[in-house]
Amino acid sequence: IRGDGCDSKFVIAHELGHVFGAGHASSATYMPPPVLSAEQTVAWTLAYGDLWVYGDRSSVMSGIFDGLVDAATYTSQFKATSHFNAPQKIDQGWLPTANIQTVTVGGSYRVALLENAGTDVQVLKVIAGSRTYYCSYRRAVGFDSALLTQYVDKTSVHISNNRGASALYANLGDGQSYTNGTVTITQAFHDTTYAYITVSF
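So, here's what we can say about the structure. (Residues numbered from 1 in each chain as written. Predicted model: local features only at pLDDT ≥ 70, side-chain atom pairs only at ≥ 80, totals over all residues. Heavy atoms only, no water.)

With that settled, consider the overall build of the protein chain. A tally of regular secondary structure across the protein chain gives four helices and ten strands. When the helices and strands of the protein chain are read in sequence order from the N terminus, they spell out α-β-α-α-α-β-β-β-β-β-β-β-β-β. Put simply, the protein chain has 201 residues, and 47% of those count as buried. The contacts in the protein chain between residues at least 6 apart in sequence include a share of 55% that link residues at least 24 apart. Of the roughly 9,300 Å² of accessible surface on the protein chain, 55% is carried by carbon and sulfur atoms. (Helix = DSSP H or I, 4+ residues; strand = E, 2+ residues; numbered from the N terminus. Buried < 20%, exposed > 50% of the residue type's maximum accessible area, 1.4 Å probe, protein only. Contact = heavy atoms within 4.5 Å. Areas by Shrake-Rupley, 256 points an atom, 1.4 Å probe, with all protein chains shown as cover.)

Taking strand neighbours across the sheet as the criterion, the six strands line up as E1-E7-E6-E5-E4-E2 in an open arrangement whose pairing is mixed. The two strands at the open ends of the sheet, each matched to only one other strand, are strand E1 (25-27) and strand E2 (100-103). Between one strand axis and the next, the sheet turns through 30° on average, direction left out of account. In terms of strand pairing, strand E6 (residues 154-160) meets strand E7 (residues 166-172) through six bridges, oriented antiparallel. (Pairing = 2+ DSSP bridges. Axes fitted to C-alpha atoms, helices over the stretch in contact; angles between N-to-C directions.)

According to the stated counting rule, one finds ten aromatic pairs in the structure shown. On the basis of an interplanar angle of 40° and a centroid distance of 6.0 Å, the ring pair of Phe 65 and Phe 78 is categorised as tilted. One end of the pair, Phe 65, is in the loop between helix H2 (38-48) and helix H3 (71-78); the other, Phe 78, is in helix H3, with 13 residues separating them in the sequence. Taking the relative accessible area as the measure of exposure, Phe 65 reaches 8% and is therefore buried. The class for Phe 78 is buried, based on a relative accessible area of 14%. Ring centres of Tyr 74 and Phe 78 lie 5.5 Å apart, and the angle between their planes is 50°; on these two criteria the pair is classed as tilted. Placement of both Tyr 74 and Phe 78 in helix H3 is noted, with a separation of four residues, approximately one turn of the helix. One aromatic cluster in this structure is built from Phe 20, Phe 84 and Trp 94. The aromatic ring of Tyr 194 is capped on one face by Arg 110, whose charged end is 3.8 Å from the ring centroid. (Phe/Tyr/Trp six-rings, centres within 6.5 Å; stacked < 30°, edge-to-face > 60°. Lys NZ or Arg CZ within 6 Å of the ring centre and 35° of its normal.)

Along the polypeptide, His 158 turns up in strand E6. Remark: the alpha-carbon pair of His 158 and Leu 168, spanning ten residues in sequence, is separated by 4.4 Å. With residues near it in sequence (within four places) discarded, His 158 still touches Asp 56, Ser 58, Asn 85, Pro 87, Thr 132, Tyr 133, Tyr 134, Ser 166, Ala 167, Leu 168 and Tyr 169. Looking at His 158, its side chain comes within polar contact range of the side chain of Asp 56, at 2.8 Å. (Polar contact = N/O pair within 3.5 Å; in protein donor to acceptor, adjacent residues only side chain to side chain.)

So yeah, pure geometry; function would need other evidence.
Dropping the structure here:
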């Protein structure tokens, strides 16, 4: 663990995640870090292209050091130990298979928040052609009490390489949709326990 991260719960949890086999929590769209110089930004683009390797801050497997986030986000996350995202929990074997529902036909579905242990469906595994999307509902509770507002009370849409790394495609609030031309995923509404999601092919 790097010297400037020894007292950061975020860094310790992140590095332990690598020991467990987790990869980084990426964003599927390139978002330049807010602080890096023009030269550093070019280096990031060359290294990672359109898949920003630390961009999904719904997971502790993202990144906050080296100018990757603004000062307020850095401060709020330095002592935080947020959960892994849905595909990372699945890759680690931390979600029971009964809590994962495979979706191949359109319909309306209910997904329980990812933060609590339980017997409800917590992840929709939406299979759309050659692409599989993992849909989960996030709330700022428990270890996720410091979850950044852009993820709170929203449906996260991820993909996974099934080797511990993931990429975030969308955070959907009520009435918002993600589509790739083959499938459309919408968070219809939510309450304190569930997100109500529609899937159409």
